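A closer look at the structure
Here is how the chains run, residue by residue.
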Amino acid sequence: MELHSFVISAVLLLSAASLAVALFKQLGLGSVLGLLVAGVIVGPHSPGPVAIANVEAVRHFTELGVVLLLFLIGLEMKPHRLWALRREVFGLGSLQILLTGLVIAVYAQQYYPAWPVALLIGVTLALSSTAFVMQILQERGDITSRHGSSAFAVLLMQDLAIVPLLAMVPLLSDHSAPDSLPLGQQLALVLGMLLVVWIFGRYLVRMALERLARSNNREGFSLVVFLAVFLAAAAMHEAGLSMALGAFLMGMLLSESRFSYQIQALVEPYKGLLMSLFFVAVGMSIDLEAVANAPGRFAEHVLALIAIKLVVMFLLGLAFGLGRAVATRVAFMLAQSGEFGFVLFGSALALGVISDELFVVAVAAISVSMLLTPLLIRIGDGLAMRIDRKYVANQDKAEPYSFSEGDAQDQRRVIIAGYGRVGHTVATILEDSAVAYVCFDTNPNHVAAGKADSRPVYYGDIGDFELLSALHLQHSSLVVLTIDHSPTALRAVSHIRSINPSIPIIARARDLQTSTALLDAGATKAYPETLESSLRLSAEALQMIGISSGSVETLVQDVRASDYKQVLKGENEPH
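From a predicted model like this one, the values you see are computed outputs, not experimental measurements.

Parameters and conventions
Every chain's residues receive numbers from 1 upward, in the order its sequence appears when written. Residue-level local features of this predicted model are given only where pLDDT is at least 70; pairs of side-chain atoms are given and counted only at 80 or more, and the full residue set underlies all totals for whole chains, interfaces and linings. Think of the side-chain values as coming from all heavy atoms in the structure, minus any hydrogens and water. Paired strands, as defined in this entry, are two strands with at least two bridges between them according to DSSP. Put simply, DSSP H or I for four residues or longer makes a helix, DSSP E for two residues or longer makes a strand, and each gets a number counted from the N terminus. To get an axis, a line is fitted to the C-alpha atoms, and for a helix only the part in contact is used. The angle between two axes follows their N-to-C directions and goes from 0 to 180 degrees. In what follows, residue pairs with any heavy atoms lying within 4.5 Å of each other are defined as contacts. Partly exposed residues are those whose accessible area sits between 20% and 50% of the maximum for their type, while under 20% is buried and over 50% is exposed, using a 1.4 Å probe and protein chains only. Handedness is read with the strands pointing away from the viewer; a crossover is right-handed when the path from the first strand over the helix to the second is clockwise. Comment: arc refers to directions from the helix axis out to C-beta atoms. Geometry of aromatic contacts follows a simple scheme: Phe, Tyr and Trp rings, the Trp one being its six-membered ring, pair when their centres are within 6.5 Å, and the pair is stacked under 30 degrees between planes, edge-to-face over 60, tilted otherwise. Either the NZ atom of lysine or the CZ atom of arginine qualifies as a charge over a ring when it sits within 6 Å of the ring centre and within 35 degrees of the ring normal.

Section: the sheet that holds strand β2 (residues 437-441)
Pairing is parallel across the open sheet formed by 6 strands, whose spatial order is β3-β2-β1-β4-β5-β6. Because the sheet does not close on itself, it has two edges, and the strands there are β3 (457-459) and β6 (525-528). Recorded for the sheet is a direction-independent mean angle of 20 degrees between the axes of neighbouring strands. For strand β4 (residues 478-481) and strand β5 (residues 505-509), the ladder comprises 3 bridges, and the chain directions are parallel. The residue bridging V479 from the neighbouring strand is I505, located in β5. Against the sheet, helix α24 (residues 486-499) engages β4 and β5, with an angle of about 170 degrees to β4.

Re the pairing of β6
Burial along β6 is one-sided: the residues A526 and P528 are buried and none of K525 and Y527 is. Judged from the 4 bridges that link them, β5 and β6 form a sheet pairing that is parallel. Bridge pairing links I506 to K525 in β6. In this region the chain leaves β5, passes through helix α25 (residues 512-521) and returns to the parallel neighbour β6; the handedness of that crossover is right-handed.

A few points about α25
Three- or four-residue spacings in an α-helix give side chains the same orientation, since the helix completes a turn every 3.6 residues. Of the positions making up α25, those classed as buried are L512, T514, S515 and L518. What you see down the axis of α25 is that its buried residues fit within an arc of 160 degrees, all on one side. Counted as exposed and oriented over 90 degrees from the buried face of α25: Q513 and D520. Just beyond α25, the residue with positive phi is G522, at close to 130 degrees.

Some thoughts on the packing of aromatic side chains
Under the criterion given, the structure shown has 11 aromatic pairs. Ring geometry for Y261 against Y458: centres 4.7 Å apart, planes inclined by 85 degrees, an arrangement best described as edge-to-face. Here Y261 is found in helix α13 (residues 260-284), whereas its partner Y458 is found in strand β3, with 197 residues between them in sequence. For the pair shown, Y261 and Y458 are each scored as buried. Joined through ring pairs, the aromatic side chains of F221, F259 and Y459 make up one cluster. Cation over ring: R202 sits above Y203, and NZ or CZ is 5.6 Å from the ring centre. Above the plane of the ring of Y458 lies R258, whose end atom (NZ or CZ) is 5.7 Å from the centre.

Here it is in structure tokens:
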């Protein structure tokens, strides 16, 4: 693609996406649906005057958004949490693929009598869209809820199933794939690539990030993070697995590092842009002509696909003890077909397993089922509430991400900015009072000290808007700013107020001028360090000469209430 045509396509895509998201958000229909409709409008199958023809190139590029999305999910999915889902991943996930695939294959055989082709259609359409479901779960804060974790477990198993499904396609063809490997060699390649990703993420990336953080090399830090993500994605792609799975594994390997929050803040903006364009690309894949040629039959195929997936997933959810409300939500979340169907059907078309006509109809069915996903999820939410209102109200609420292990529901948790002398003191007092907290610092030595103290101290710039967005401020009760860098503190207060206008903010200030600036920016309380130490010294002196502690405390409070005007003269004079 030439540079000029690339720029024109980018302008067209971003313009359509911006307008559609603004309109659909205003109508309360959600951004995902707006992006899909924008894709239909600018796609090559649109009757409009402007269209982007190279859908494949756009879709391949925007799949990087799915890679970054799964990387961020991995950052939140610590290994022990994934191990806790093993029954649902291998049990529920495997049965969903097998049973749904068989039922869809029986339906498909009515139109495509050859059983191998019908089976390929069945297992391919049995897969759901990781991109759609995880994006919606993340937007709603439902990833750690019961229905969110169950849906994720099934999606993870579907990603793991990619290798045998890809290996199955050449077996159905009269033509052998020239670059296909025997199954034993392919499994060895998978294990080898998994080992590469594990060594790289567990040791090399952490060492590099540690060195770059110590030298305050933020550009290098960013480049290493993206190198880690895309190396893991490329390694899994070479092994025949999903690139998104590789990114997820890398995210999990970095989830327990002290850099996880800063990494999340760094990647989030790029993920948001690429995921938006990915949904537009899916909309561009909807062939309106294929739908218009036989609208009745096409609608029947889509409705049958969704109905089969709903029923099988709901019954399996009940069998695995999810409960009716959760099983309903999971079934409606996974009722669409997934983006990997494009790859599988494309491979089958190249090897002559399916015809051009079947490929077009299958891709259109996948895309339309994705288009219906926001509506299906709304229906699932409504039905879940009607089925069991008490369960939904009391047990299936999304759990906010816990900063403190085992303390996910403690609404008193505090965010501390800075783990220097003051931050360490605040953390100690909170810990002694059994109050949950999380602390951030950009000084690697302070972070290392926190780690040595076995405290939740992470590397991160509290003045970074994306980092603050990742902290779920709505589930915290207080922010304490102990940092000594005024511009960062002011920026942090401004960002915190834009995210959560009501959360209390206590700030440390070097002097009265900085204290006033912090209060103007939105801090609830700001204490000038030099004046406060002078007040404390004066209070101790008064108590030692016999003045009652009550009188001393009243005097101190009067000074604070007057904004230190009684002692301001001393602050402005030379020392």
